[in-house]
Amino acid sequence: MLVLRIELCYNHLILFENQIQTTSASPCRTQVQPAALFLVCSLIFIEYKKQGYQNMKTEYQKMIAGEPYHPFDPELRALAQTARQKQAAFNEEVDPVKGMEIIKGWFGSTGENLYINTRLMVDYGVNIHLGENFYSNWNLTMLDVCPITIGDNAMIGPNCQFLTPLHPLDPDERNSGLEFGKPITIGKNFWAGGGVIVLPGVTLGDNVVAGAGAVITKSFGDNVVLAGNPARVIKEIPVKGN
């Protein structure tokens, strides 16, 4: 694309020069040619910079933006290895206070007050953002190739999963190793019963309750109780005045 645009700019310059030569008596000839050359060079430089900035996007930047990326990129493998080490340190820590310090120094952001039981599984950890007063029971899985954001006062039952990764449906594309993802965003006061699964791209509002075993495949608004596979609204929650 860059070569094509350079060729177009060059062709315009040649055409312009030929037009000037056919009107050589023009008193502005010597003034116009340098200006035209400067214009074409400027266009080429701008296109070069635009292409350069696009090519500078890392696989990590593509990943968190939800674009196709190569998961075996060295930067991503190093980040994943660091996550494995921190995950092992957390899951082996018997002191809850020290365990929470590991989480706070590892995740993208957390509230001051949180508690997560061990047997935690994540992809990277740095793309997880938890609000104040977050609590999770055993066996929490958060696959964070894209950001996972959960608001204040969340209560997560055992064996819950928050999954952002996706793979191409086309088998050739899938076998090429390319992956992508979609973020998960959940408001405040979320309560998930045991075994709840939240799938890529889901956004939930405030005050949502997900019954045990619910598989949440699409987004829902505020003040609802979800249940089933796929999850659906089984009840609305009346909200008290402030």
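Residues numbered from 1 in each chain as written. Predicted model: local features only at pLDDT ≥ 70, side-chain atom pairs only at ≥ 80, totals over all residues. Heavy atoms only, no water.

Below, the discussion takes up the sheet that holds strand β2 (residues 121-122). Sheet architecture is open: five strands sit in the order β2-β5-β8-β13-β16, paired in parallel fashion. Taken across any chain shown, the strands that pair with only one partner, and hence form the sheet edges, are β2 and β16 (215-216). As defined by bridge partners, strand β13 (residues 197-198) adjoins β16 across two bridges and the pair is classed as parallel. Paired with I197 across the strands is V215, a residue of β16. (Pairing = 2+ DSSP bridges. Helix = DSSP H or I, 4+ residues; strand = E, 2+ residues; numbered from the N terminus.)

Scored by pLDDT, the chain comes out at a mean of 86, with 76% of its residues at no less than 70. Note that pLDDT drops below 50 for residues 1-10; the model gives that stretch 11 contacts with residues more than four away or on any other chain. Residue range residues 22-32 is modelled with pLDDT below 50. Its contacts to residues more than four positions away, or to other chains, number five contacts. (pLDDT = per-residue confidence, 0-100. Contact = heavy atoms within 4.5 Å.)

All right, on to the environment of T149 then. With respect to the helices, strands and loops of the structure, T149 is situated in strand β6 (residues 148-150). Once the C-alpha coordinates of T149 and T203 are considered, the two residues, 54 residues apart in sequence, prove to be 9.5 Å apart.

Now for the nonpolar core. I116, F162 and I216 are the most contacted members of the largest nonpolar core, which has 37 residues in total. When residues in this core are grouped by element, the largest group, three residues, is from helix α5 (residues 96-106). Here I216 is in contact with V196, I197, V198, L199, V202, L204, A210, L226 and A231, once residues within four sequence places are set aside. In this structure, Y69, A80, Y124 and V145 belong to the second largest nonpolar core, which totals seven residues. (Core = buried A, V, L, I, M, F, W, Y, C linked by side-chain atoms within 4.5 Å. Buried < 20%, exposed > 50% of the residue type's maximum accessible area, 1.4 Å probe, protein only.)

Assignment of secondary structure puts N127 in the loop between β2 and β3 (128-130). Looking at N127, its side chain comes within polar contact range of the side chain of Y60, at 2.7 Å. Aside from chain neighbours lying at most four places away, what touches N127 is Y60, M63, I64, D144, V145, C146, P147 and I148. (Polar contact = N/O pair within 3.5 Å; in protein donor to acceptor, adjacent residues only side chain to side chain.)

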